[in-house]
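Okay, here's what each chain looks like letter by letter:
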Amino acid sequence: MSAVRFAETEKSEDGMSLEKFRKEETLAKRKKWIGHSCRLFYSDDPVKIVRARGQYLFDENGSRYLDCISNVHHVGHCHPSITQAAASQMELLNTNTRFLHDNIVLYADRLAATLPEKLCVFYFVNSGSEANDLALRLAHGYTQHEDVIVLDHAYHGHLTSLIDISPYKFRKLAGQKEWVHVAPLPDVYRGMFRENHPDPAQAYADTVKEVIEEVHRKGRKISAFFAESLPSVGGQIILPQGYSTKVAEYVRSAGGVYVADEVQTGFGRVGSHFWAFQMHGEDFCPDIVTMGKPMGNGHPVACVATTAEIAAAFTANGVEYFNTFGGNPVSCAIGLAVLDVMEKEDLRGNAMRVGAHLKGLLRKLQTQHQIIGDVRLKEEDRICVSTDGPWESVVKFKPPMCFSMEDAELVVQCIDRILTDMKTQ
């Protein structure tokens, strides 16, 4: 049987052949074949991206967009060092992870060097959702308890187990399970305890203590407190200093463990530290850390790091844990290359410098504009951003780590123009 392809062929700037459907055809086929709950960015008029490099995306017409969305592509789209590492290892070997191979231990050793000493056992998986699901299993196995405390508006992944601990999702679905307990989001800007409170960290930590006491009154026991180190879907919340340390104290006293979800915030994105939880001081260390999105620069790889004691309890149940692809030679080669690029290009330093510059520019805008509203960056300025927060009122910047000073200035100039235009309408 012959096949018919409704495609056009063109050459990219580097001479590569690109076969493509016209945008309308691609969209029609997506609507036909792909589940409609899998939504596109800018669904009213989606952007069709055919290639990318660094912090830039290019559509089928060659138009360039500044990418402020793709935190997955941590060191930049199609970084040559990453693509070379992937191709070289793929050409040599990629196999089931139950064969002995150097890459997985080399990678674990590199990750261990970034973490507190007690987080010394690693389980490699394929996605942040898988990592968070495994973290739940580890916590249950170690504590022999079931109940989990999460923060309001949290999102931890798309598996059934994670929908159950994600208020952002379960409130739209079957509702809250009896073993899931929700603590207030520690938001000092819009939350119940704000910046003018004498000790917001203690006040919010005490709300977790109250949840624990309520759980105990019901005759139940805490397995884990599960939180992103910087809540993302909740609105890019910076936890008040000291909050995590105090919460960990309360949770451990109740027999539970502290799980830090670093799927979005890990790998130097905060600049000052490799992991966002480290912003709370050297004395604070979670019992389990999950990681994912930035690890593979777009390649699916994720991981759970935990203590020897928790890992031993997981082993003692007598049930073998294996993951066919998690930690395979190609994934680990890519992961190692990402770490190399981060160090070689000082991307943590870049995050601090550019982040501080962007924040300073936005603070200047704060004195000129009292409100942020209709954002039209994508259509007029070809800047891709997203929104978050309980009211979708937070403009979220999560660009590749190679984002530059010039990129920051362009973004702020565009926001300034948009807000100025709004005043004149």
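What you see is a predicted model; the values in this text were computed from it and never measured. Just so you know, the residues in each chain are numbered from 1, in the order the chain's sequence is written. Local features are withheld for residues below a pLDDT of 70 in this predicted model, meaning they are given only at 70 or higher, and side-chain atom pairs are given and counted only at 80 or more; totals for whole chains, interfaces and linings count all residues. For side-chain calculations, the full set of non-hydrogen atoms in the structure is used, while hydrogens and water are omitted.

## So, the domain arrangement of the protein chain
Domain start and stop positions are those given by an automatic or database domain assignment. By domain assignment, the protein chain separates into domain 1 (28-78 + 348-424) and domain 2 (82-342). Centre-to-centre separation of domain 1 and domain 2, based on C-alpha positions: 26 Å. The interface is formed by 21 residues belonging to domain 1 together with 25 residues belonging to domain 2. Put simply, buried area is the surface a 1.4 Å probe can reach on two separate parts but cannot reach once they are joined, added for both. Around 1,900 Å² of area is buried between domain 1 and domain 2 when both sides are counted, 56% of it from carbon and sulfur atoms. Considering only the surface of domain 1 that becomes buried against domain 2, His74, Val75 and Arg348 emerge as the three largest contributors, covering 32% of it. A contact between two residues is defined here by any heavy atoms of the two lying within 4.5 Å.

## A look at the nonpolar core
Generally speaking, a soluble globular protein has its nonpolar side chains buried in company with each other. Ranked by size, the top nonpolar core spans 59 residues in total, and within it Tyr107, Leu111, Phe225, Tyr243, Phe267, Met291 and Met295 carry the most contacts. We count a stretch as a helix when DSSP gives it H or I for four or more residues in a row; a strand needs E for two or more, and each element gets its number in order from the N terminus. Here the element with the most residues in this core is helix H10 (residues 329-344); it accounts for 9 residues. Per-domain counts for this core show at least three residues from each of domain 1 (28-78 + 348-424) and domain 2 (82-342). In contact with Phe267, not counting residues within four places along its chain, are His74, Tyr107, Leu111, Phe274, Trp275, Met291, Pro294, Met295, Leu339, Met342 and Met401. Formed by 25 residues, the second largest nonpolar core is a distinct cluster that contains Ala131, Ala139, Phe170 and Ala302. Buried Ala, Val, Leu, Ile, Met, Phe, Trp, Tyr and Cys residues form a nonpolar core when they are joined through side-chain atoms within 4.5 Å. Each residue gets one of three labels from its accessible area relative to the maximum for its type: buried under 20%, exposed over 50%, partly exposed in between, using a 1.4 Å probe on protein chains only.

## As for the environment of Thr306
As for its position among the elements, Thr306 is in strand S12 (residues 302-306). Owing to a relative accessible area of 0%, Thr306 belongs among the buried residues under this scheme. Each C-alpha atom of the pair Thr306 and Tyr123 lies 8.6 Å from the other, and the pair is 183 residues apart in sequence. With residues near it in sequence (within four places) discarded, Thr306 still touches Lys118, Leu119, Cys120, Val121, Tyr123, Leu138, Asp287, Ile288 and Ala311.

## Some details on the environment of Asp388
Relative to the assigned elements, Asp388 resides in strand S14 (residues 386-388). Each C-alpha atom, one on Asp388 and one on Gln236, is 7.6 Å from the other, the two residues being 152 residues apart in sequence. What Asp388 contacts, discounting residues up to four positions off in sequence, is Ser232, Val233, Gly235, Gln236, Ser393, Val394 and Lys396. Side-chain atoms alone can form a polar contact between residues adjacent in sequence; in general such a contact is a pair of N or O atoms within 3.5 Å, and within protein one must be able to donate a hydrogen while the other accepts it. Among the polar contacts listed, one links the side chain of Asp388 to the side chain of Lys396, at a separation of 2.8 Å.

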